[in-house]
Amino acid sequence: MALKLISLLLAQVALARLGQNASVLNRSNATSKDANVPLGEGSALEIMVNGTRHGLRGEKAASDLYANDTDARSMAGRYAGYQTFATTTRYGDADAAACGGMHTGSLVGGLPYYSVASAQSMWKGCCWCGHSGGGQGTHGLGCFSCAKGRFLRSAYGLRSPDNAQRHGFASGEIIIVVADLCPHQGNERWCPERPGQHNNYGAHNHLDFSHPPPGIDNNNFVFTPIQCPYDLQERYHHLSRCHN
């Protein structure tokens, strides 16, 4: 019975991938300008979207949000100041995502964040509520992993890290959250199956955006992992069944 359930969930995930727009929830994502994160008063980190403040709580909120591990700091600057890069696509919203069966639009609706499905190779195992995996050049971003990053003007892969700086940015800095899976089956061109594998465009990592910022069309994306913001954590724990 459990195997049948996983098979049904994987099939449902695959149907919502790459160009097959599932029922899309009308919502107001921040533009790339909105998603630049200013520091508010005191130690809390605040983001303004449509006149509403969203932010973290606690004395170390600002530093915690952008705290990277030792490896991330040592690699900072390699990709235009970020740790690594991914190719990207768009697919709309999934009604029952692999990260706990939630609607991806409900997770970020009204908040200044962007929902993505990460490639199967970036998960530890497949295909329900997967943790971060990666390795051998693949960066791990499993369910409810967050990252800060910017889109480049280039698309369909990078030949070298130096090209990230030369191509320039196509967006301001945004925050992404993994809410779904991009399975290898049915998406072989874009989403590698195992860590260390490349997609057809030479990238270890791939992110399938529900709704990227305006003007973005399969652009390359440079990013560094961060701790997920507090308001996003609250929303996730309310909607997802992964933590049950």
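All figures in this text were calculated on a predicted structure; none of them were measured in a lab.

Chemist: Explain the environment of Leu 239 here, please?
Modeler: Within the secondary structure, Leu 239 is located in helix H6 (residues 230-239). Accessibility expressed as a relative area gives 28% for Leu 239, which makes it partly exposed. Along the primary structure Leu 239 and Ser 106 are separated by 133 residues, whereas in three dimensions their C-alpha atoms are 8.1 Å apart. In this view, Leu 239 contacts Gly 100, Met 102, Ser 106 and Leu 107; residues no more than four positions away in its chain are not counted.

Chemist: What is the right way to look at the sheet that holds strand S4 (residues 114-119) in this model?
Modeler: Either a parallel or an antiparallel arrangement is found when strands of a sheet pair, and the pairing is made through backbone hydrogen bonds. The sheet built from six strands closes into a barrel, its strands ordered S3-S9-S4-S8-S7-S10 with mixed pairing. Across the sheet, the mean angle separating the axes of adjacent strands is 50 degrees when strand polarity is ignored. Examined bridge by bridge, strand S3 (residues 84-90) and strand S10 (residues 219-226) share three bridges and lie antiparallel to one another. Bridge pairing in S10 places Phe 85 opposite Val 222.

Chemist: I tried to follow the confidence of the model for the protein on my own but got confused; where do I start?
Modeler: Mean pLDDT over the protein: 76, with 68% of residues reaching 70 or higher. When pLDDT is averaged over each helix and strand of the protein, the minimum, 36, is found for strand S1 (residues 46-49) and the maximum, 98, for strand S9 (residues 206-209). Counting contacts from residues 1-16, a segment whose pLDDT is below 50, to residues more than four positions away or on other chains yields 15 contacts. Every residue in residues 19-75 is under pLDDT 50, and counting partners more than four places away or in other chains gives 125 contacts.

Chemist: Sorry, what's going on with the state of the cysteines here?
Modeler: Working definition of a disulfide: a covalent bond connecting the sulfur atoms of two cysteines. Throughout the structure, instances matching the rule amount to five disulfides. Linked covalently through their sulfurs, Cys 146 and Cys 228 form a disulfide whose S-S length is 1.9 Å. Judged by the sign of its S-S torsion, about 105 degrees, the bond between Cys 146 and Cys 228 is right-handed. One end of the pair, Cys 146, is in strand S7 (residues 146-155); the other, Cys 228, is in the loop between S10 and H6, and 82 residues separate them in sequence. We note that Cys 146, like Cys 228, is buried. With its disulfide-bonded cysteines labelled consecutively along the sequence, the protein is connected as 1-5, 2-3, 4-10, 6-9, 7-8.

Chemist: How should I be thinking about the pairing of S10 in this particular structure?
Modeler: Burial analysis of S10 places seven of its eight residues in the buried class, which makes it a mostly covered element. Looking at chain direction, S7 and S10 are connected through seven bridges and run antiparallel. Paired with Gly 149 across the bridge in S10 is Phe 223.

Chemist: I tried to follow the packing of aromatic side chains on my own but got confused; where do I start?
Modeler: Two measures describe an aromatic ring pair: the distance that separates the ring centres and the angle between the ring planes. This structure, assessed with the given rule, holds nine aromatic pairs. With centroids separated by 6.2 Å and ring planes inclined at 15 degrees, the aromatic side chains of Phe 221 and Phe 223 adopt a geometry described as stacked. Here Phe 221 and Phe 223 have matching classes, each one buried. Here the aromatic cluster, defined as three or more aromatic residues joined through ring pairs, consists of Phe 151, Phe 209, Phe 221 and Phe 223. The ring of Phe 169 carries the charged tip of Arg 150 above its face, separated from the ring centre by 3.7 Å.

Chemist: What is the right way to look at empty space enclosed by the protein in this model?
Modeler: In this approach a probe as big as a water molecule rolls over the atoms, and the regions it shows empty are the leftover space. Tallied over the entire structure, the rule returns one cavity of 30 Å³ or more. Estimated volume of the largest cavity: approximately 30 Å³. Here the lining of the largest cavity gets three residues from one element, more than from any other, and that element is S3. Residues that form the lining of the largest cavity fall into these classes: four nonpolar, three polar and two charged.

Chemist: How should the nonpolar core be read in this particular structure?
Modeler: Within soluble globular proteins, side chains that are nonpolar tend to cluster in buried spots. Counting 43 residues, the largest nonpolar core has Leu 107, Ile 176, Leu 207, Phe 209, Phe 221, Phe 223 and Leu 232 as the members making the most contacts within it. When residues of this core are traced back to their parent elements, those giving at least two are helix H4 (104-108), S4, S7, strand S8 (174-182), S9, S10 and H6. No other element matches S8, which puts eight residues into this core. One finds Tyr 79, Phe 85, Leu 158 and Ala 203 within the second-largest nonpolar core, a separate group that totals nine residues.

Chemist: Whenever I open this one, the layout of surface pockets confuses me. Can you help?
Modeler: In this model, the largest pocket occupies a volume close to 220 Å³. A breakdown of the residues in the lining of the largest pocket according to their chemical character gives four nonpolar, 11 polar and one charged.

About the criteria used
- Residues numbered from 1 in each chain as written.
- Predicted model: local features only at pLDDT ≥ 70, side-chain atom pairs only at ≥ 80, totals over all residues.
- Heavy atoms only, no water.
- Helix = DSSP H or I, 4+ residues; strand = E, 2+ residues; numbered from the N terminus.
- Buried < 20%, exposed > 50% of the residue type's maximum accessible area, 1.4 Å probe, protein only.
- Contact = heavy atoms within 4.5 Å.
- Pairing = 2+ DSSP bridges.
- Axes fitted to C-alpha atoms, helices over the stretch in contact; angles between N-to-C directions.
- pLDDT = per-residue confidence, 0-100.
- Disulfide = S-S within 2.5 Å.
- Phe/Tyr/Trp six-rings, centres within 6.5 Å; stacked < 30°, edge-to-face > 60°.
- Lys NZ or Arg CZ within 6 Å of the ring centre and 35° of its normal.
- 1 Å grid on protein atoms, 1.4 Å probe; cavity = no way out; pocket = protein on both sides within 12 Å on 5 of 7 lines; lining within 4 Å.
- Points joined across faces, edges and corners; volume = space filled by probe spheres on them.
- Nonpolar A, V, L, I, M, F, W, Y, C, P; charged D, E, K, R; others polar.
- Core = buried A, V, L, I, M, F, W, Y, C linked by side-chain atoms within 4.5 Å.

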